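Coordinate inspection notes
As a plain string of letters, each chain reads:
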Amino acid sequence: MKSTQKSKLKKRTLVVVESPAKAKTIEKYLGKSYIVRASMGHLRDLPKSQFGIDVEHDFTPKYINIRGRGDLIKALKKDAKNADKVYLASDPDREGEAIAWHLAYILGINATDDCRIVFNEITKSAIQAAVKAPRPIDLDRVDAQQTRRMLDRIVGYKLSPLLWRKIRKGLSAGRVQSVTVKLICDREKEIQRFVSEEFWTISLKLYKSKSALFVADLTGIDGKKPELHKETEAAAVVQDLEKQDFAVREVKKRQRQRKPAPPFTTSSLQQDAARKLGFTSRKTMMLAQQLYEGVELGRKGPVGLITYMRTDSTRISAGAMQEVRIYIENSFGKEYVPEKPNIYAANKKAQDAHEGIRPTSIDMAPQNLGKYLSRDQMRLYTLIWQRFTASQMKPAVYDTLTVSIAAGERYLCRASGSQLQFAGFTAVYAGTEEKKEKDIVLPALEEKDALSLDETLPQQHFTEPPPRYNEASLVKTLEEKEIGRPSTYAPIIETILARGYVIRAEKHFQPTDLGFVVVDMLEEYFRDIVDVQFTAGLENELDGIAEGKIGKNELLRRFYEPFEETLEKADEAIGHVELPVEVSDVPCELCGRMMVVKQGRYGKFLACPGFPECRNTKPLLKDTGVKCPKCGGSIVERRTKRGRAFYGCKNYPACDYVTWDTPLKENCEKCGSFMLRHNYKNGRALLYCSNDACESRIEHPINQELEKLREKTKSKAAATETKPVLAEKKAKKKAPAKKTVRKAATEKRVKIKAVKKTEEKPKKKKLDSKEG
């Protein structure tokens, strides 16, 4: 009887996934005949302490078990030994394929057996379907991932020591990160070279008899585009316009359609989350991983809310397509559902291995999940849900009106209006823009209608340099230039920030002096490493390996041989590179040396040049030129531990004046106090007087914002106060239990010893009596 029970227990299938959260969700769907365990990501890798690639023997990698994973490997081996079958269910990308290959080696599984299962979403139907269709590990995809890892190791472990010797220790060069830093440096050079030019535009407020005012722009002078570079030129045109008669020359009415965007790919999700939610790529991917792996939904237990988040495809399964069309018809009406499903063309370079990012069930609307998701999880899930729903709706339709207006013989003006006729997909999702389009309504106008001039509005402008990259624009550029892959964007950005090659200032990336020095050196001696086209070509060749068209060793050899030769020449040619040192006028209070400006991850700071003997550092205070309203001292810019800028009095801690908003040198027209600029996450700014009692502050929109900030600060303070109290209560409750357990254990030991002693004593007496 016992032997049959044991055999039944043995006949269980082991499924190995990457994360515990995913394991918990999948176990619920598979039932008792399956054991689901997590590998916690990679278990084998190249060693950190050595190069780990045998170049002379066909680039054979030397893999070792990752330190600290011994107990986990032991437990997995034990489970695999007791299991009837083992399925490797790591993520369905190349990295996941490589993880499955390493797991197969560790667990003694033949990679050519049907041991690999993949799924695009963590739902009951998808998991059960995957278990029914196991396949061998795709060794071409494994080779592609191994090649990527080895290329990165070659560049990192061969080139980084050169940077240590020639510039300073702790630097690193990477195959993709170096190109990314170059892009940011090139953009900064463009900005530095840019010469701003003045130009003027002229708008006019016009009206037809008894109609409302509307605005038209001057678009032509003598049949050419206006080119007004000085105020005097604009003033002369304004003066002449005021003498002219205005009449409608042409009225064009048409309908304009605005089509919905396709479902998210990894790249477009990172871009939209950066634009609309202010998330970094790293934060977006972390939250998406949580939503994919499963979130506790009360009695339902853990539920995977979105499909796999590392994808370059916009393809959607037929089942999901049908489900969303039914939902749209029921929620918005039949008129919002297109006759045929919207199909979106895939990028030419897309691998198209997985679907686009979408909710696992359209019926799990964001409003029903509020109590289960964190604020940031909810914001990202809402974005994904809205984008997917909108992708299968009809376009928005606008009635547009373009009016050409003649002003005498010389001048031509244009007024444009648009009005939403049918909301279409905008009923759910605003689109890639941050806000919905506003209606611009023009009065009823016909050809030859006479118009009157109410006011001319000349406006001065200056040409602007190309903007610095922000999170969204950098990701977009990397994708367009085919540098790296969407799943690598977040770690690339984090690495170049951590190394100090760039800083994030006001949500834009700026290169540091170190970044410029490293890129200039690499550009001179290792042009291929920082060449955009070369890096993109290498990515395409990795795709070729995954498709079985190119051999792994062939690509590695072609890359390594010229690289090694260049490395030797560069080591001889490059002397020690001195980074420019900026000496401040602040003396070190510990040793008296004048402190120097250093660059850290979150910006510049002051450090003693006597390092390592003297390790004194100070924040670099940037004077705003504005006086403190409390004590008259200078208001300086400071930074939090996370690098966020705030402003406070230089006399801190004697003076506690502090604000998040930027102090400006301009003064309030009402009371003369200095002005503050409040910056919103979407880039909009709001100016207001720093004096709370000022007349201009009555019913000012900033009052609501400041009140929100005060409430937020109060709630955080209350939370920090309650945490120690709760911790104390828990400690008090747990402490006696621990003591009693310890006491019981010690008492037990004492009793056992006492018993042993009493047992031993009589024996000794007996022995003594026998001897006597």
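Please refer to the structure placed before this passage.
One structure accompanies this document, and this report is about it. Predicted model, so just to flag it, every value in this text is computed and none were measured.

1. Regarding the sheet that holds strand β24 (residues 645–649)
Read from one edge to the other, the open sheet built from 4 strands follows the order β22-β23-β24-β25, with strand pairing classed as antiparallel. What marks the edges here is a single partner per strand, and that holds for β22 (622–627) and β25 (658–659). Summarising the sheet, β24 and β25 pair through 2 bridges and their orientation is antiparallel. Paired with Y647 across the bridge in β25 is T659.

2. Section: the packing of aromatic side chains
In this structure the tally under the stated criterion is 10 aromatic pairs. With 4.8 Å between their ring centres and 40 degrees between their planes, Y336 and F422 make a pair best called tilted. Note that Y336 is positioned in the loop between α11 (318–332) and α12 (375–391) and F422 in strand β14 (residues 411–422), a separation of 86 residues in sequence. Seen from their ring centres, F559 and F563 are 5.5 Å apart, and the 20 degrees between their planes marks the pair as stacked. Of this pair, F559 and F563 are both found in helix α17 (residues 552–573), 4 residues apart, which corresponds to roughly one turn of the helix. For the pair shown, F559 and F563 are each scored as buried. One aromatic cluster in this structure is built from F526, F534, F559 and F563. Positioned above the aromatic ring of F51, the side-chain terminus of K158 is 4.8 Å from the ring centre.

3. What to know about helix α10 (residues 281–293)
Think of an α-helix as turning once every 3.6 residues; residues three or four places apart then point the same way. If you check α10, its first and last C-alpha atoms are 18 Å apart, about what 13 residues at 1.5 Å a residue would give, namely 18 Å. G294 sits one or two positions beyond α10 and adopts a positive phi of about 130 degrees.

4. What about the sheet that holds strand β7 (residues 85–88)?
By way of backbone hydrogen bonds, the strands of a sheet pair with one another, either parallel or antiparallel. Pairing in this open sheet of 3 strands is parallel, and the strands run β2-β1-β7 from one edge to the other. Unpaired on one side and paired on the other, β2 (34–38) and β7 mark the two borders of the sheet. Each adjacent strand pair in this sheet contributes to an overall mean axis angle of 20 degrees, direction not counted. Pairing of strand β1 (residues 13–17) with β7, which is carried by 4 bridges, proceeds in the parallel orientation.

5. What to know about the packing of helix α6 (residues 139–166) against α17
One way to put it is that α6 packs onto α17 with a least axis distance of 11 Å and a crossing angle of 5 degrees. Here α17 runs roughly parallel to α6, going by the angle between their axes. Contacts from D143, Q146, T147, M150, L151, I154, V155, K158, L159, L162, R165 and K166 in α6 reach K552, L555, L556, F559, Y560, F563, E564, L567, A570 and D571 in α17. Class assignment for the residues of the contact of α6 with α17 results in 13 nonpolar, 2 polar and 7 charged.

6. What to know about a nonpolar patch on the surface
Nonpolar side chains collect at one region of the surface, where V581, V583 and M594 lie side by side and expose about 280 Å² of accessible area between them. Considering the arrangement of structural elements, one finds M594 in strand β19 (residues 594–600).

7. Some remarks on the nonpolar core
Core analysis: the largest hydrophobic core is formed by 63 residues, its most contacted members being V15, F119, L305, I306, L380 and Y381. Looking at this core, the element that brings in the most residues is α12, giving 8 residues. Beyond its immediate sequence surroundings of up to four residues, L380 is in contact with L269, A273, L277, F279, T284, L287, A288 and L291. Listed in part, the 55 residues of the second largest apolar core include L159, Y469, L478 and F526.

8. What about the pattern of salt bridges?
For the structure shown, the criterion picks out 41 salt bridges. The partner of R468 in a salt bridge is E188, and the shortest N-O contact between them spans 2.8 Å. In this pair, R468 is assigned in the loop between β15 (450–462) and α13 (471–480) and E188 in helix α7 (residues 177–193), connecting sequence segments 280 residues apart. The class of E188 is buried, set by a relative accessible area of 8%. R275 is the salt-bridge partner of D272, the closest N and O atoms lying 3.4 Å from each other. With a gap of 3 residues between them, D272 and R275 both fall in helix α9 (residues 266–277), about one helical turn apart.

9. Topic: the environment of V16
Along the chain, V16 turns up in strand β1. Along the sequence, V16 and S90 sit 74 residues apart, while their C-alpha atoms lie 7.1 Å from each other. Discounting residues that sit within four places of it in the chain, V16 has contacts with R37, S39, L76, V86, Y87, L88, A89, S90, L103 and L107.

10. Considerations on the packing of α7 against α13
For the pair α7 and α13, interaxial distance at closest approach is 12 Å and the crossing angle is 120 degrees. One finds that α7 runs oblique with respect to α13. Between α7 and α13 lies a crossing of right-handed hand. On α13, the residues that touch T180, L183 and I184 of α7 are L474, T477 and L478. Classifying every residue of the contact of α7 with α13 gives 4 nonpolar, 2 polar and no charged.

11. With respect to the environment of Y381
Tracing the backbone shows Y381 in helix α12. We classify Y381 as buried; its relative accessible area is 0%. Once you skip the residues sitting within four places of it in the chain, Y381 turns out to touch L291, L305, I306, P359, S361, M364, A365, P366, L369 and L373.

Scoring rules and cut-offs
- Residues numbered from 1 in each chain as written.
- Predicted model: local features only at pLDDT ≥ 70, side-chain atom pairs only at ≥ 80, totals over all residues.
- Heavy atoms only, no water.
- Pairing = 2+ DSSP bridges.
- Helix = DSSP H or I, 4+ residues; strand = E, 2+ residues; numbered from the N terminus.
- Phe/Tyr/Trp six-rings, centres within 6.5 Å; stacked < 30°, edge-to-face > 60°.
- Buried < 20%, exposed > 50% of the residue type's maximum accessible area, 1.4 Å probe, protein only.
- Lys NZ or Arg CZ within 6 Å of the ring centre and 35° of its normal.
- Expected span 1.5 Å × (residues − 1).
- Axes fitted to C-alpha atoms, helices over the stretch in contact; angles between N-to-C directions.
- Parallel < 35°, antiparallel > 145°, perpendicular 65-115°, else oblique.
- Contact = heavy atoms within 4.5 Å.
- Nonpolar A, V, L, I, M, F, W, Y, C, P; charged D, E, K, R; others polar.
- Patch = residues over 30% accessible without salt bridge, like charges linked within 9 Å, V, L, I, M, F, W, Y side chains within 5 Å.
- Areas by Shrake-Rupley, 256 points an atom, 1.4 Å probe, with all protein chains shown as cover.
- Salt bridge = Lys/Arg side-chain N within 4 Å of Asp/Glu carboxyl O.
- Core = buried A, V, L, I, M, F, W, Y, C linked by side-chain atoms within 4.5 Å.
- Left-handed = near helix turned anticlockwise from the far one by under 90°.

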